[in-house]
Amino acid sequence: MSFNDGWRFAKTDKVPETPPRDWESVTLPHTWNAVDGQDGGNDYWRGTAMYARAFPCPELEPGGRAVLEFLGAAMTADVYLNGECLAHHEGGYSTFRVDITDALKDENTLTVAVDNSANDRVYPQKADFTFYGGLYRGVNLITVPAEHFELVKDGTPGIKVTPALSDDLKAATVTVETWHNGSEVEITLNGETKTAQNTAVFTVENPHLWAGTEDPYLYTVTAKLQSGDEVSTRFGIRKIGFDPNLGFILNNRPYPLRGVSRHQDREGLGSALTMKEHREDMELIREIGANTVRLAHYQHAQEFYDLCDEYGLCVWAEIPYITQHMDAGRENTLSQMKELITQCYNHPSIVCWGLSNEIAVHGMSEDLMENHRLLNDLCHKLDSTRPTTMAHAFMLDKDSPLIDIADIGSWNLYFGWYLGELSQNDSFLDEYHAAHPDRVIGFSEYGADANPRFQSPRPESGDYTESYQCVYHEHLLKCIEERPWLWATHVWNMFDFAADGRDEGGNNGQNQKGLVTFDRRLKKDAFYLYKAVWNKREPFVHICGSRYADRAEAVTEVKVYSNLTPVTLFVDGKALDTKDGKTVFTFKVPLTGEHVIEAKAGDCADRITVRKTDMPNQNYILGRSGAVVNWFDREEYAPSCYSICDELGALLADPRTAGTVRELMELIQSSRGDVAVSALNNESLLTMLGNTPVRELLRRAGEAVPQERVREFNSRLQKVRK
Ligand code: GCU
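Residues numbered from 1 in each chain as written. Predicted model: local features only at pLDDT ≥ 70, side-chain atom pairs only at ≥ 80, totals over all residues. Heavy atoms only, no water.

Caption draft 1: Broad picture of the site of the ligand. Neighbouring the ligand are 14 residues, the closest being Asp128, Glu358, Tyr418, Glu445 and Lys513. Tyr414 places a side-chain nitrogen or oxygen 3.4 Å from an oxygen atom of the ligand. The contact in question runs from an oxygen atom of the ligand to an N or O atom on the side chain of Asn511, over 2.8 Å. Out of a free accessible area of 320 Å², the ligand has 98% covered by protein chains. (Near = heavy atom within 4 Å. Polar contact = N/O pair within 3.5 Å; in protein donor to acceptor, adjacent residues only side chain to side chain. Areas by Shrake-Rupley, 256 points an atom, 1.4 Å probe, with all protein chains shown as cover.)

Written as structure tokens, this is what we have:
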């Protein structure tokens, strides 16, 4: 029975006797950070709030139980029935259930105290996304007879299915385990019913395989007790493998996983999504043609894993053990992992369990290592069929013993965005692969922020233009295509998402590395680049730069992305040129006035309109369009002396400025939570950033770094002659 409506809500930590009429009336899913969690400044409300609801005693069979199901309460929850606290749950992304039978009265008041305030125990606490608070996934009341399947322990579905395929894929044994308090259970699969105490093993000859996006076939197994209580689950029969040179293997064939990451949120709704939004996200991921999705950085809604099962996407599932290890958080990592695996085990889409993300950014410790060993052992104990993985930050020591803990690994690299050159992505992967030929290597994050308002004929890293995002991804796409041994690659990110700590790129409060905007209304040009390579079903042509309408250059570059060839470009109805090739087709178009530019390939066409202007349109340039202009860009500096305009390496090399610049780096680090900047005091990173001007680092760090302090450091630098 859905308990999604009829709630009263207030930001208070007082447990009411009955749902107060003067509290706000809300329907689940609900988050209190839908608005302030995405407006920047990192000042969204974090605290304890109450949800209260009345309900009559449900009808129960003799000995029957009533169990409340919470699909997601962020981040911790205390469940009160008629004033009595019945449960405490830590972890904002998993399902938990509470048996309320013994506390029921004829008329009941259910109150849930939900808390997303900062602490040193429950992950996540430091990360580049908004930690929305609320009952953002829905609540149900489940009634079961006296004899029933287990509901409470770790939010289990009560049934666990482990298919094992023969080497030649011709037969499978399917082990079905159940948890219940009855004496025997009837388990039915493929028309065959077996009676068992808990576990039955079936043989399926010539199984219809779950074969990724091409044929994601699902079986259903049902278990029934004599009382009539019944559970069922879908599952898939498939074989997965991971090889250092062949990459990912599905059903004995190399099957490179190429796709995107996703956060569970949406503009205006925050994390409180319904099936409608989940479906829309899935449709966009299918349109781009991805065959994998990293569901970052926490357990997502069951509906989404279900969609992945149905559409054949391979999933990287993970817990929010991220950015900064907390000595007091060990228990919480273990319980979140236990819930993730228990609740998600049956999904054929899931191919690995992610232990942590960029966890060593703030330093290594024995406690961090031990935490990972325990997590890794726990995963193996709960699931012998899937490997564990980790997402490492690029500055992690390549020989760190941390890397050896997980079965396979993956890197988050941002060369060409936060630092360095695009080609460093290629060299990093090649050098690492050569140095560690036995490791299974993935590319778990890469991306560049783009605000589609910003456009440039000369795109550069850090300009937030849609144009640079294309240049960036054209390079990265080639990089991954040339390295089929990468077991999985995931664009960071499919969608822009709320990161309230960010104040940058003309859209404060958002990480804009998405290929689609936060509201899902706009597919950025780079979306079509991937679609051209990955989507084999839907022929199309796309002309980039539709938002780059005013152009000052006499001859402009027009880029077309398509999965067809050849592509012909028409200007004002006349054919300009036809190009053979693959994916990216580039044309030079002379501009004289207003022109309609049309690309045609096969039966497909796309058109844009551009205008020749005398001067570049200032609205296309970050900092000139009403967005933030950094104070240091307006400042004048004595060029004979050092300043923040100088490269980090030069400032570190001169003993007279090294101390000052190190202090400044620490200031940047402590002011800003995001990873590339927050690790600035790490030696190897300082080396990698050698030829980046300090001013550039400050620009990336945004407004969080106090201006006055930076001025002070700069005037110290200005006193030292070069
Ligand atoms: C990280 C991290 C993400 C983050 C991303 C970024 O390294 O894992 O959570 O959003 O980089 O900086 O965009």
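Caption draft 2: A look at the packing of aromatic side chains. Scanning the model with the defined rule gives 32 aromatic pairs in all. An angle of 70 degrees between the planes, with centres 6.5 Å apart, marks the rings of Tyr93 and Tyr136 as edge-to-face. Taken together, the residues span a long stretch of sequence, with Tyr93 in the loop between strand 6 (84–90) and strand 7 (96–99) and Tyr136 in the loop between strand 8 (107–115) and strand 9 (139–144) at a distance of 43 residues. As far as the burial class goes, Tyr93 and Tyr136 line up, both buried. Centre to centre, the rings of Tyr123 and Tyr321 are 5.0 Å apart; their planes meet at 65 degrees, and the pair counts as edge-to-face. Here the residue Tyr123 occupies a position in the loop between strand 8 and strand 9, and Tyr321 occupies one in the loop between strand 24 (314–318) and helix 3 (330–344), the gap between them amounting to 198 residues. Each of the two residues, Tyr123 as well as Tyr321, counts as buried. Three or more aromatic residues joined by ring pairs make a cluster, and in this case those are Trp7, Phe9, Trp32, Trp45 and Tyr51. Above the ring of Phe202, the side-chain terminus of Lys194 is found at 5.1 Å from the ring centroid. Across the ring face of Phe495, the terminal group of Arg520 is positioned such that the distance to the ring centre comes to 3.9 Å. (Phe/Tyr/Trp six-rings, centres within 6.5 Å; stacked < 30°, edge-to-face > 60°. Helix = DSSP H or I, 4+ residues; strand = E, 2+ residues; numbered from the N terminus. Buried < 20%, exposed > 50% of the residue type's maximum accessible area, 1.4 Å probe, protein only. Lys NZ or Arg CZ within 6 Å of the ring centre and 35° of its normal.)

Caption draft 3: Structural view of the environment of Leu334. Secondary-structure assignment places Leu334 in helix 3. Leu334 sits in the buried class, given a relative accessible area of 15%. Put simply, Leu334 and Arg699 are 365 residues apart on the chain and 38 Å apart in space, counted from C-alpha to C-alpha.

Caption draft 4: Structural context of the nonpolar core. Within the largest apolar cluster, 125 residues are counted, with the highest numbers of intra-cluster contacts made by Ile285, Met337, Phe443, Met494, Ile644 and Val694. At eight residues, the largest contribution of residues to this core is made by helix 7 (residues 525–534). Discounting chain neighbours no more than four positions away, the residues touching Ile285 are Val260, Ala290, Val293, Phe304, Leu313, Met494 and Phe495. Counting 28 residues, the second largest nonpolar core, distinct from the first, contains Ala77, Val112, Leu135 and Leu141. (Core = buried A, V, L, I, M, F, W, Y, C linked by side-chain atoms within 4.5 Å. Contact = heavy atoms within 4.5 Å.)

Caption draft 5: Layout of the side chain of His372. Along the chain, His372 falls in helix 4 (residues 366–382). Excluding residues that lie within four positions of it along the chain, His372 makes contacts with Tyr321, Leu355, Ser356, Ile359, Met390, Leu402 and Ile405.

Caption draft 6: Structural detail: the sheet that holds strand 37 (residues 583–590). Strand order in this open sheet of three strands is 32-34-37, and the pairing throughout is antiparallel. Two strands close off the open sheet at either side, each with one partner strand: strand 32 (541–543) and strand 37. In this sheet, adjacent strand axes meet at a mean angle of 25 degrees when their direction is disregarded. Bridge count for strand 34 (residues 555–562) against strand 37 is eight bridges, and the pairing is antiparallel. Residue pairing for strand 37: Tyr561 is matched across the bridge by Val584. Against the sheet, helix 6 (residues 466–481) touches strand 34 and strand 37, its axis set at about 50 degrees to strand 34. (Pairing = 2+ DSSP bridges. Axes fitted to C-alpha atoms, helices over the stretch in contact; angles between N-to-C directions.)

Caption draft 7: Representation of unusual backbone geometry within the structure. In this model, Leu28 is joined to Pro29 through a cis peptide bond whose omega is 0 degrees. Tracing the backbone through its elements, the reader meets Pro29 in the loop between strand 2 (24–26) and strand 3 (48–56). Here the residue pair Tyr123 and Pro124 is connected by a cis peptide bond, since its omega of 0 degrees sits within 30 degrees of zero. Residue placement: Pro124 occurs in the loop between strand 8 and strand 9. A positive phi angle, near 65 degrees, is found at Thr323, a position not held by glycine. For Thr323, the position within the fold is in the loop between strand 24 and helix 3. Residue Arg520 is not a glycine yet carries a positive backbone phi of 70 degrees. Mapping Arg520 onto the fold places it in the loop between strand 31 (510–511) and helix 7.

Caption draft 8: Up close: the packing of helix 1 (residues 275–288) against helix 7. Where helix 1 meets helix 7, the axes come as close as 7 Å, and the angle between the chain directions of the two elements is 60 degrees. Regarding the angle of helix 1 to helix 7, the classification is oblique. Across the interface between the two elements, Leu284, Glu287 and Ile288 from helix 1 touch Phe527, Tyr530, Lys531 and Trp534 from helix 7. When grouped by side-chain class, the residues that make up the contact of helix 1 with helix 7 number five nonpolar, no polar and two charged. (Parallel < 35°, antiparallel > 145°, perpendicular 65-115°, else oblique. Nonpolar A, V, L, I, M, F, W, Y, C, P; charged D, E, K, R; others polar.)

Caption draft 9: Representation of the pairing of strand 27 (residues 409–412) within the structure. By the alternation rule, side chains of strand 27 split into Gly409 and Trp411 and Ser410 and Asn412, which are all buried. Here strand 26 (residues 388–393) runs beside strand 27; their pairing, made up of three bridges, is parallel. Considered in strand 27, the bridge of Ala391 is made with Ser410. For the crossover that starts at strand 27, traverses helix 5 (residues 423–435) and ends in the parallel strand 28 (residues 441–446), the hand is right-handed. (Right-handed = clockwise from strand over helix to strand, strands pointing away.)

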